[in-house]
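Listed below, chain by chain, are the residues.
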Amino acid sequence: MNIGEIARRAGVSRSTVSYVLSGKRSVSEATRQRIQAVIDELDYRPNASARALKEGRTRTLGLVIPPASQRLTDMQLGFVASVVEAAARHDLDVLLSPSGGDHDRSFERIVTGRRVDGVVLMEIRLTDDRVTRLTRAGLPFVTIGRTAEPHGMSWIDIDYAGLIARCVHHLADLGHRQVALVNRSAELVAAGYGPSHRALAGFRAAAAERGLTGVEVCCGDDTAAGEACVEQLLATHPEVTAVATINEAALPGMQRALTGAGMSVPADFSVTGVAAQHWAEDFRPPLTAADVPMVEMGAEAVSLLLESIAERDAVPRHRLYSPPISLRSSTGPVPVR
């Protein structure tokens, strides 16, 4: 079924049917209703490819994710799901593209191949060549995360510096004097991964303000790494009584290490940080944490991107999320040793 058949049955021209479908020109209400009746009768659905071609758009968004060789964390997967769901509500498809290492060709095809109308870019570094490339190409984009100098671009991000600082202040209020930051991997920190550096800055500032002794450790994004990290921390810094972390994927291993050392949370050791809500609630006991609003953030990223696509000269906008610290059961007064 095509527009020509609808026009014939409704007794109008093909262009009139097109105007009704696109809404680009006004049509009398009587004519519109007659055409709509035929459309309903035939159960007509416009061909998505033809509609996109006519609009000069692909009706597809690009979502640039970490390399496929790396196992995505739960938070990263949450952002992917939230972007895909938000795009679907606008009748848009999402093309996933890994970037980094051998996958840079995939990212370049996204930029040069006219395959997408705009891009959501994840896992931002303080200095990020992908941001520079997208800016130079003039392709609309929004980042989840931000560079060191994010002026002139639209972005959403989590206030890792502020949130980790609040976690440290919470621990200090409970009497803890020796605390540790369990960060992301050393490789990510070396690459300039934004959340790791901002969390570290917030940790250092809060520890200095409260006169605490701060220990900083890096940790891979998996259970085994979390277990090894905390085992090493307990062995080399037995004076530490609490940790704050942004590494939610390491939490099960951290818990295993504490249990293996015969430590009860929070009676012997306190744990807090920034994590997706279900990770926090699955910790035992439930984790005192800032819960990352992944669904809301993904939806806002898509909304900002659609604004940039519709109006290329729109003023860049951004939002820094700073969710409250949900007080659960994993933090308590400093133990008497």
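Preceding this section is the structure that the text describes.
Model, not experiment: these values are computed from the prediction.

1. Side note on unusual backbone geometry
Going from valine 265 to proline 266, the amide bond is cis rather than trans, its omega being 5°. With respect to the helices and strands, proline 266 occurs in the loop between α12 (251-260) and β9 (270-275). Arginine 284 connects to proline 285 through a cis peptide bond whose omega is -5°. Considering the arrangement of structural elements, one finds proline 285 in the loop between α13 (277-282) and β10 (288-291).

2. Digging into the pattern of salt bridges
All told, the structure shown has 16 salt bridges when counted by the stated rule. Linking glutamate 307 and arginine 317 is a salt bridge whose minimum nitrogen-to-oxygen distance equals 2.6 Å. With glutamate 307 in helix α14 (residues 294-310) and arginine 317 in the loop between α14 and β11 (318-321), this residue pair connects regions lying ten residues apart in the sequence. Note on glutamate 307: relative accessible area 34%, which makes it partly exposed. Assessed through its relative accessible area of 38%, arginine 317 is described here as partly exposed. By sharing partners, the salt bridges in this structure join Glu5, Arg8, Arg9 and Glu41 into a single network.

Criteria and thresholds
- Residue numbering note: each chain is counted from 1, following its sequence as written.
- Selection of residues for local features in this predicted model requires a pLDDT of at least 70, selection of side-chain atom pairs for listing and counting requires 80 or more, and totals for whole chains, interfaces and linings are taken over all residues.
- The basis for the side-chain values is all heavy atoms of the structure; hydrogens and waters are excluded.
- In this text, helices come from DSSP runs of H or I with a minimum length of four residues, and strands from runs of E with a minimum of two, each type numbered from the N-terminal end.
- By salt bridge we mean one thing: a side-chain nitrogen of Lys or Arg within 4 Å of a carboxyl oxygen of Asp or Glu.
- Burial status follows relative accessibility: with a 1.4 Å probe on protein chains alone, a residue under 20% of its type maximum counts as buried, one over 50% as exposed, and anything between as partly exposed.

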